[in-house]
Amino acid sequence: MTLLDAHTDLVEPSGPTVADLGAGSGPAWLDAWLAANTGEVVATRRSLHANPELGRQERRTTELVAGRLMAVGLEPRTLPSGTGLVCDIGYGDRCVALRADLDALPLAEDTDLPFASTVDGVMHACGHDAHTAIVLGAGLALASAPALPGRVRLIFQPAEEVQPGGALDMVADGAMEGVQRIFALHCDPRLAVGKVGTRVGPITSACDLLEVRLKSPGGHTARPHLTADLVEALGLLITQLPLMLTRQVDPRSGTVLVWGAVQAGEAANAIPQYGVLRGTLRTADHATWGELEGKIRMLVEQLLAPTGVSYELEHVRGVPPVVNEAVSAGILADSAITILGPDAATSTEQSSGGEDFAWYLEHVPGAMARLGVWPGHGPMRDIHQPTFDLDERALPFGVRVLTQAALAALTTP
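Residues numbered from 1 in each chain as written. Predicted model: local features only at pLDDT ≥ 70, side-chain atom pairs only at ≥ 80, totals over all residues. Heavy atoms only, no water.

## Section: unusual backbone geometry
This is how it is decided: Each helix corresponds to a stretch of at least 4 residues labelled H or I by DSSP, and each strand to a stretch of at least 2 residues labelled E; elements are numbered beginning at the N terminus. Only protein chains enter the accessibility calculation, which uses a 1.4 Å probe. A residue is then buried if its area is under 20% of the maximum for its type, exposed if over 50%, and partly exposed in between.
That bond from G26 to P27 is cis: its omega, -5 degrees, falls within 30 degrees of zero. By the element assignment, P27 lies in the loop between α1 (3-6) and α2 (28-50). Within the chain, A159 stands out as a residue other than glycine whose phi angle is a positive 55 degrees. By the secondary structure assignment, A159 is in the loop between β4 (151-157) and α5 (167-172). The exposure class of A159 is buried, given its relative accessible area of 0%. A positive phi is found at H384, a non-glycine position, where the angle reads about 65 degrees.

And the structure:
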């Protein structure tokens, strides 16, 4: 029994019906496939939403995707870990890839959806259930085509939400071998359904994690001169490290250090022996990202040297910026325009968020576009929030965009 079979009570037997905004935009075999299977695409998304799995635990999700692909005669290959898979469709030396991410977030869902998460403290709050359903739908649609001008590789990766990201697992396993170009969509709750936001150049930012663990002999607050004041040292790092960093990097790089957690001490009259400080370090510039670790280590050493407090600095390199290649970004925009006309493609700003799709672009050109999921009225329910939801008309539209992009890329020099 597959994951989808196990939860048919959550959806109508034939799948819920949503409007296919691009109906009639062709090719004919894609129109026919969506006319027959849009409900199944939506049902797949709902089943994944109801049964979320955290990074590198996505075994049932992987099995669901693999089962759907095998049911139409395809031969998916699951990673040795049991999470994540790749699958080629078609034949030929030329190959383009479509990528989806499988994992959910450690958040308790706060929606009234009939298919809300059934897993305590875990939900699809970033739209990865939609990404997976869309890429799966595009793959199954492409498999129904009379012929393809090359190969399309589907990449379903684990662990996008953890550092440094499951994209590295896929690359290490050979997912990019033979690929000439790669595409992805990401849900955007600030963009109306039926629109795709594209950008040439960086569309996301690099994101690293910092943890500084401090140690002091401790002592009485009446005699700070006889010890090393750990809380004072923490205060120096909290206030001065972000400030000093701004004088070490180009201000046009969009570099920002923000602390998210600080812990030290219990008693008001005791200088603690241990403390920890955690935060994120982001930059919009790829070259700057490569320089940041050395600069941070230098500044931490300089700031703490006068305090007498010892420390350990853990700088976890995360992901580089997603840098969209011009031809690939144009293919995604043109695909949306082909489906719904010139208003379907719009420009988008660079985000300060991180996305491990960037690792694929270290190997081949490609692009990520933002997929509108806002219904056009009511609140914009942001990603990474317990209330996140999306307009499911974005699902067949996303299938059309990625299918058209793959076909166009296979015939683009």
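And the narrative resumes.
## Overview of the state of the cysteines
The criterion, for reference: Here, a disulfide means two cysteine sulfur atoms that sit within 2.5 Å of each other.
Counted according to the given criterion, the structure contains zero disulfides. Free cysteine: C126, not disulfide-bonded; nearest cysteine sulfur from C187 at 7.7 Å. No disulfide involves C207; its sulfur sits 13 Å from the nearest other cysteine sulfur, which is in C126.

## Things to note about the pattern of salt bridges
Worth spelling out the cut-off: Throughout this description, the term salt bridge denotes a Lys or Arg side-chain nitrogen within 4 Å of a carboxyl oxygen of Asp or Glu.
For the coordinates displayed, the defined rule picks out 24 salt bridges. When the shortest N-O distance is used, the salt bridge between E314 and R213 registers 3.3 Å. With E314 in strand β13 (residues 310-319) and R213 in strand β8 (residues 206-215), this residue pair connects regions lying 101 residues apart in the sequence. Note on E314: relative accessible area 37%, which makes it partly exposed. Shared partners join several salt bridges into a network, and the residues in it are R45, R46, D129, D389 and E392.

## As for the sheet that holds β8
The pairing of strands in a sheet happens through backbone hydrogen bonds and is either parallel or antiparallel. Stated formally: Only when DSSP finds a minimum of two bridges between them are two strands counted as paired. Axes here refer to lines fitted to C-alpha atoms; in helices the fit is confined to the stretch in contact. Angles between the N-to-C directions go from 0 to 180 degrees.
Pairing is antiparallel across the open sheet formed by four strands, whose spatial order is β10-β12-β8-β13. This sheet does not close on itself; its edge strands, each paired only once, are β10 (256-264) and β13. Shown here is a sheet whose adjacent strand axes are inclined to one another by a mean of 15 degrees, direction ignored. Examined bridge by bridge, β10 and strand β12 (residues 274-283) share eight bridges and lie antiparallel to one another.

## What to know about the nonpolar core
The line we're drawing: The criterion is simple. A nonpolar core is a set of buried Ala, Val, Leu, Ile, Met, Phe, Trp, Tyr and Cys residues joined through side-chain atoms within 4.5 Å. Working rule for contacts: check all heavy atoms of both residues, and any pair within 4.5 Å makes them a contact.
Counting residues in each nonpolar core, the largest one holds 62 residues, and the members touching the most others are L69, L98, L142, F156 and L402. In terms of residue count, helix α10 (residues 394-410) provides more of this core than any other element does, eleven residues in total. For L142, the residues in contact, after removing those within four places along its chain, are W29, I89, L98, L148, V152, T403, A406 and L407. Counting 25 residues, the second-largest nonpolar core is a separate cluster that includes V179, I182, A358 and V364.

## Section: the packing of helix α3 (residues 59-70) against helix α4 (residues 128-143)
The condition is simple: Any angle that falls under 35 degrees is termed roughly parallel, while one over 145 is termed roughly antiparallel, one within 65 to 115 roughly perpendicular, and all others oblique. Each helix crossing is assigned a hand: it is left-handed if the near helix lies turned anticlockwise from the far helix by less than a right angle, otherwise right-handed if that turn is clockwise. Residues were grouped as follows: Ala, Val, Leu, Ile, Met, Phe, Trp, Tyr, Cys and Pro as nonpolar; Asp, Glu, Lys and Arg as charged; and all remaining residues, including Gly, as polar.
Their axes nearest at 10 Å, the elements α3 and α4 cross at an angle of 15 degrees. As judged from the angle between their axes, α3 and α4 are roughly parallel. Like other packed secondary-structure pairs, α3 and α4 cross with a definite hand, here right-handed. Two secondary-structure elements touch here, α3 through V65, R68 and L69 and α4 through T132, L136 and L140. Broken down by class, the residue content of the contact of α3 with α4 amounts to four nonpolar, one polar and one charged.

## Things to note about the pairing of strand β2 (residues 85-90)
The pairing of strand β1 (residues 77-78) with β2 spans two bridges and is classified as antiparallel. Within β2, the residue paired with T78 across the bridge is L85. Counting the residues between successive antiparallel strands, the hairpin from β1 to β2 contains six residues, one of them, G82, with a positive phi of roughly 90 degrees. Both β2 and β4 contribute to a ladder of six bridges, which runs antiparallel. Residue pairing for β4: D88 is matched across the bridge by R153.

## Quick notes on the side chain of Q157
As a reminder, the rule being used: A 3.5 Å cut-off defines polar contacts: any pair of N or O atoms within that distance qualifies, except that in protein one atom must be a possible hydrogen donor and the other a possible acceptor, and neighbouring residues in sequence count only when both atoms are side-chain atoms.
The residue Q157 is located in strand β4 in this model. Only 3.2 Å separates the side chain of Q157 from the side chain of R99, close enough to count as a polar contact. With near-sequence residues (within four places) excluded, Q157 lies in contact with R99, A100, D101, L102, G166, A167, M170, D356 and Y360.

## Description of the environment of I339
Position of I339 relative to the elements: it lies in helix α8 (residues 326-340). For the pair I339 and G26, spaced 313 residues apart in the sequence, the C-alpha separation amounts to 8.0 Å. Contact partners of I339, with chain neighbours within four places excluded, come to G22, S25, F397, R400, V401 and Q404.

## Things to note about the side chain of R370
Residue placement: R370 occurs in strand β16 (residues 366-374). Within polar-contact distance, the side chain of R370 engages the backbone oxygen of E349 at 2.6 Å.

## Section: the packing of α4 against α10
Closest axis-to-axis distance for the α4/α10 pair is 8 Å, and the angle between their directions is 50 degrees. Comparing their axes, α10 and α4 come out oblique. Judged by the twist between their axes, the crossing of α4 over α10 is right-handed. Note on element contacts: α10 touches α4 through A394, L395, G398, V399, L402, T403, A406 and L407, opposite A130, I134, V135, G137, A138 and L142. A per-class count over the contact of α4 with α10 returns eleven nonpolar, three polar and no charged.

## Quick word on the packing of aromatic side chains
Put simply, the test is: Classification of ring pairs rests on two measures: the distance between centres of Phe, Tyr or Trp rings, Trp counted by its six-membered ring, which must be within 6.5 Å, and the angle between planes, read as stacked under 30 degrees, edge-to-face over 60 and tilted in between. In this analysis the charged atom, NZ for Lys or CZ for Arg, is taken to sit over a ring once it is within 6 Å of the ring centre and within 35 degrees of the ring normal.
Summed over the entire model, instances satisfying the criterion amount to two aromatic pairs. The interplanar angle of 65 degrees and the centroid separation of 6.1 Å between the aromatic rings of W289 and W359 together place this pair among those described as edge-to-face. Of this pair, W289 sits in helix α7 (residues 286-304) while W359 sits in helix α9 (residues 358-361), placing them 70 residues apart in sequence. The burial state of W289 is the same as that of W359; both residues are buried. A ring pair is formed by F357 and Y360, whose centres lie 5.8 Å apart and whose planes are at 55 degrees; its orientation type is tilted. Like Y360, F357 is buried. The ring of W289 carries R317 above its face, with NZ or CZ at 3.6 Å from the centroid.

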